Amino acid sequence: MLEVRALGSRYGRIPALADVNLRVGAGELVALVGANGAGKSTLLRTISGVQPASAGTIGFEGRDVTALSSRRRVQLGIVQVPEGRQVFAPMSVEDNLRLGAFARGRASALDEVIGFFPVLRDKRRQAAGLLSGGQQQMLAIARALMAEPRLLLLDEPSMGLAPRLVAEIFEHITALRARGTTVLLVDQNARAALSVADRAYVMEAGRIALEGAARDLLGDPQVQRAYLGLE
Ligand code: ATP
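Residues numbered from 1 in each chain as written. Predicted model: local features only at pLDDT ≥ 70, side-chain atom pairs only at ≥ 80, totals over all residues. Heavy atoms only, no water.

**Concerning the sheet that holds strand 6 (residues 78-81)**
For the record, the criterion: Should DSSP find at least two bridges between two strands, the strands are taken to pair. Going along the chain from the N terminus, every DSSP run of H or I of four or more residues is numbered as a helix, and every run of E of two or more is numbered as a strand. Only the stretch in contact is used when fitting a helix axis, every axis being a line fitted to C-alpha atoms; angles between N-to-C directions are given from 0 to 180 degrees. The contact criterion used is simple: two residues touch if any of their non-hydrogen atoms lie within 4.5 Å.
Pairing within the open sheet is mixed, and its six strands lie in the order 6-7-8-3-9-10. Edge positions in the open sheet fall to strand 6 and strand 10 (207-213), since each of these has one partner strand only. Averaged over all pairs of adjacent strands, the angle between strand axes in this sheet comes to 20°, irrespective of strand direction. One ladder, built from six bridges, connects strand 9 (residues 199-204) with strand 10; its direction is antiparallel. Following the sheet pairing, arginine 199 is matched in strand 10 by alanine 213. Lying over the sheet, helix 1 (residues 40-48) contacts strand 3 (29-34), strand 6, strand 7 (151-155), strand 8 (182-186) and strand 9, oriented at roughly 150° with respect to strand 7.

In structure tokens:
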């Protein structure tokens, strides 16, 4: 579904990604792990088109999307849940969801999407900024689902959440995947991300350092030392 080849990206003169090669097959849940500043968010943002590529190509379902605007990419089904949720705080939960269907999807999917996140049901008319962090994360994911993503890019969904909520968010991600949504997931919580993923890539200093089956990476002593807090 997604084929990233020799991708580069820069912030001015500073390179943030170099020679990144990555694939995501239809129906897969692929995790991207690595230390702070390794380039994970930049990679997701370059795939969604928010950040321009300086080299390489991004193929999506057989089509080169490297030069397309982020809006066009959304229309093709590449939908990102940004780091930090970025919900529209003064707007109601319902209006945030409707906005998710602005470029793609159906506003009529609202009940279906809310059914997937029951905690949002009673809060439909509340301002999104009044929700708890965990609820805002659910809203950010739900808003993306309104666009009926073919490929969902999830950036740090568990950031800043209590362990119980992290477990709940990961249950939702697993359920999404079971529904057939293809997911590329970035999370600081490498153990949780590798536990739900099929395959994973480890990034270091803007490059892919390792890749493999998520189960194998969970058991890899190098990964355990560097990212899982095990000696
Ligand atoms: P984190 O988990 O901290 O978000 P990350 O792996 O997602 O880390 P990126 O946020 O993609 O990493 O950052 C990659 C590199 O690019 C870092 O060196 C970072 O300082 C730099 N960077 C990120 N955003 C910008 C920006 N807007 N302007 C300049 N440099 C940036």
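**Focus: the site of the ligand**
Here is the rule: Proximity is defined per residue: any heavy atom of the residue falling within 4 Å of a molecule or strand makes that residue near it. Pairs of N or O atoms within 3.5 Å make up the polar contacts considered here, provided that, within protein, one atom can donate a hydrogen while the other can accept it, and that residues adjacent in sequence are counted only when both atoms are side-chain atoms. The Shrake-Rupley method, run with a 1.4 Å probe sphere, supplies the accessible areas, and residue values consider only the shown protein chains as cover. In this classification, the charged set is Asp, Glu, Lys and Arg, the nonpolar set is Ala, Val, Leu, Ile, Met, Phe, Trp, Tyr, Cys and Pro, and all remaining amino acids, among them Gly, are polar.
Near the ligand, the surroundings consist of 13 residues, among which Gly37, Lys40, Ser41, Thr42 and Gln188 are the closest. In the environment of the ligand, an oxygen atom lies 2.7 Å from a nitrogen or oxygen atom belonging to the backbone of glycine 37. Isolated, the ligand exposes 630 Å² of accessible area, and the fraction of that covered by the protein chains is 57%. With three residues, helix 1 is the largest single contributor of residues to the shell around the ligand. Here the shell around the ligand is composed, by residue class, of four nonpolar, six polar and three charged.

**Section: the sheet that holds strand 2 (residues 14-24)**
Neighbouring strands of a sheet are bound in pairs by backbone hydrogen bonds; such pairs are parallel or else antiparallel. If you walk across this open sheet you meet the four strands as 2-1-4-5, and the pairing is antiparallel. Both edges of this open sheet fall to strand 2 and strand 5 (63-64), since each of them pairs with a single strand only. As paired elements, strand 4 (residues 55-60) and strand 5 share two bridges and run antiparallel to each other. Note that in strand 5 the partner of glycine 59 across the bridge is aspartate 64.

**A word on the side chain of aspartate 187**
Heads up, the rule is: When accessible area is computed with a 1.4 Å probe and restricted to protein chains, residues below 20% of their type maximum are described as buried, those above 50% as exposed, and intermediate ones as partly exposed. By the counting scheme adopted, Arg and Lys are positive, Glu and Asp are negative, and His together with the chain ends is not counted. Just to be clear on terms, a salt bridge is a Lys or Arg side-chain nitrogen sitting within 4 Å of an Asp or Glu carboxyl oxygen.
In this fold, aspartate 187 is placed in the loop between strand 8 and helix 7 (190-196). No salt bridge is formed by the buried aspartate 187; the nearest opposite charge belongs to arginine 85, separated by 8.5 Å. For aspartate 187, the side chain forms a polar contact with the side chain of serine 158, separated by 2.7 Å. Side-chain polar atoms of aspartate 187 contact the backbone nitrogen of asparagine 189, separated by 2.9 Å.

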